[in-house]
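Summary of the model geometry
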Amino acid sequence: MPCTVITGAFWGDEGKGKIISYLALKDQLDICVRTGSVNAAHTVWHQGKHHALHMVPAAFIYEKCHLLIGAGANIHISQFLKEVEETNVKNRIGIDHQASIIEEKHSTQDKTNTHLKGVVGTTGWGVGPAIADRVRRTAKLAKDIPELQPYLTDVTKEVNNAIDNGKKVLLEGVQGLMLSLFYGTYPYVTGRDTSASAICSEAGVGPTKVNDVLVVFKAYMTRVGGGPIPGELPKEEAKKRGWFEISATRRDRRSAPFNFKLAKKAVMINGATQAALTKLDILYPRCKGARNYDELSEETRQFITEIEKETGIPVVLMGTGPEALDIIDRRK
Ligand code: IMP
Ligand code: MG
């Protein structure tokens, strides 16, 4: 804080939603700016309730947090309106005038294009084709849409003013570095750069305004769709270890052990200053629900120390369960 960027290290689904929801409550965030688009879902568990957010920033659970969606983002109108209703944030959410729009035709293109659907294995939401239209300079923007008029704002002004006034601002990255259009496992990637610099760009915040980049690791790695995942486990083994997950789009997530080389790469390209490590309780069931570092076993601590040694940054937050507050917080 005051301005922190949250970014994923692997193929998304590292648990950024959980980390953001924790920070929202714990640090009483003033502003959270979401980037990216509807292809990414951030999961938040709060007071026994589950939320899968494709549009609304994950910090919504802190009622005083002002929520924004940056100009670099792509808006799915009906999904946005639905989530605003479900989360009851109508009076504290804004969209930048220049955010672009995903239309029905984009989803159809995503689902019928043999390369996108068959090879890359996209989520089918139409984000890539919508970005392609933006590059062609034919996209609709948020300011053109009647239903979005009540939400329009200049996110760049709001967020930069907030930072200049010492408010607590979080820039919410989505997906992970290995899905980056530039730095990921091309062509098995998403349609945008997912690095911390791109998150700043999508929110309209310059690099000199950022104080911390918090990279989120999961204790093991997963990916959906096509493309390599080094050290991939057979499904049976993944199930045995409790690593087998099913995505929000109901596809199997493939899994592999934590990879230090990829973690180092993610720290370097994101310029990460701190790390969060989620699902520690899946790797080491005994630490489930722990909220103090002292409660962790020797083996668990060794794993954390190794990550810190290899990446050169401290692991400051550790997820030990699904609820927003199931966290060990080692920040000063
Ligand atoms: P697209 O982003 O829908 O074009 O999909 C491209 C690739 O990125 C596919 O392999 C998707 O499964 C993957 N992908 C996109 N967004 C996410 C995400 O938020 N979590 C996990 N995988 C994602
Ligand atoms: Mg997700």
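Presented here is an overview of the structure given in this document.

Thresholds applied
Residues numbered from 1 in each chain as written. Chains lettered and ligands numbered in written order. Predicted model: local features only at pLDDT ≥ 70, side-chain atom pairs only at ≥ 80, totals over all residues. Heavy atoms only, no water. Phe/Tyr/Trp six-rings, centres within 6.5 Å; stacked < 30°, edge-to-face > 60°. Helix = DSSP H or I, 4+ residues; strand = E, 2+ residues; numbered from the N terminus. Buried < 20%, exposed > 50% of the residue type's maximum accessible area, 1.4 Å probe, protein only. Pairing = 2+ DSSP bridges. Contact = heavy atoms within 4.5 Å. Axes fitted to C-alpha atoms, helices over the stretch in contact; angles between N-to-C directions.

For the rest of this paragraph, the subject is the packing of aromatic side chains. In total, this model carries 10 aromatic pairs according to the counting rule given. The interplanar angle of 85° and the centroid separation of 5.5 Å between the aromatic rings of Phe258 and Phe303 together place this pair among those described as edge-to-face. Taken together, the residues Phe258 in the loop between strand E14 (252-257) and helix H9 (260-270) and Phe303 in helix H11 (residues 298-311) connect sequence positions 45 residues apart. Of the two residues, Phe258 and Phe303, neither departs from the other in class, the shared state being buried. Both rings, one in Phe260 and one in Phe303, keep their centres 6.5 Å apart while their planes meet at 80°; by these two values the pair is edge-to-face. One end of the pair, Phe260, is in helix H9; the other, Phe303, is in helix H11, with 43 residues separating them in the sequence. Phe303 carries the same exposure label as Phe260, and that label is buried.

A word on the sheet that holds strand E17 (residues 327-329). Spatially, E9-E7-E5-E2-E10-E1-E11-E15-E16-E17 is the arrangement adopted by the 10 strands of the open sheet, whose pairing is mixed. Looking along the sheet, the strands with just one partner apiece sit at the ends: strand E9 (152-153) and E17. In terms of strand pairing, strand E7 (residues 93-96) meets E9 through two bridges, oriented parallel. Looking at E9, one finds that Ile95 is bridged to Leu152. Along the sheet, H9 contacts strand E1 (3-8) and strand E11 (212-218); its crossing angle with E11, the most-contacted strand, is approximately 160°.

Limitation: the analysis is restricted to geometry and does not speak to function.
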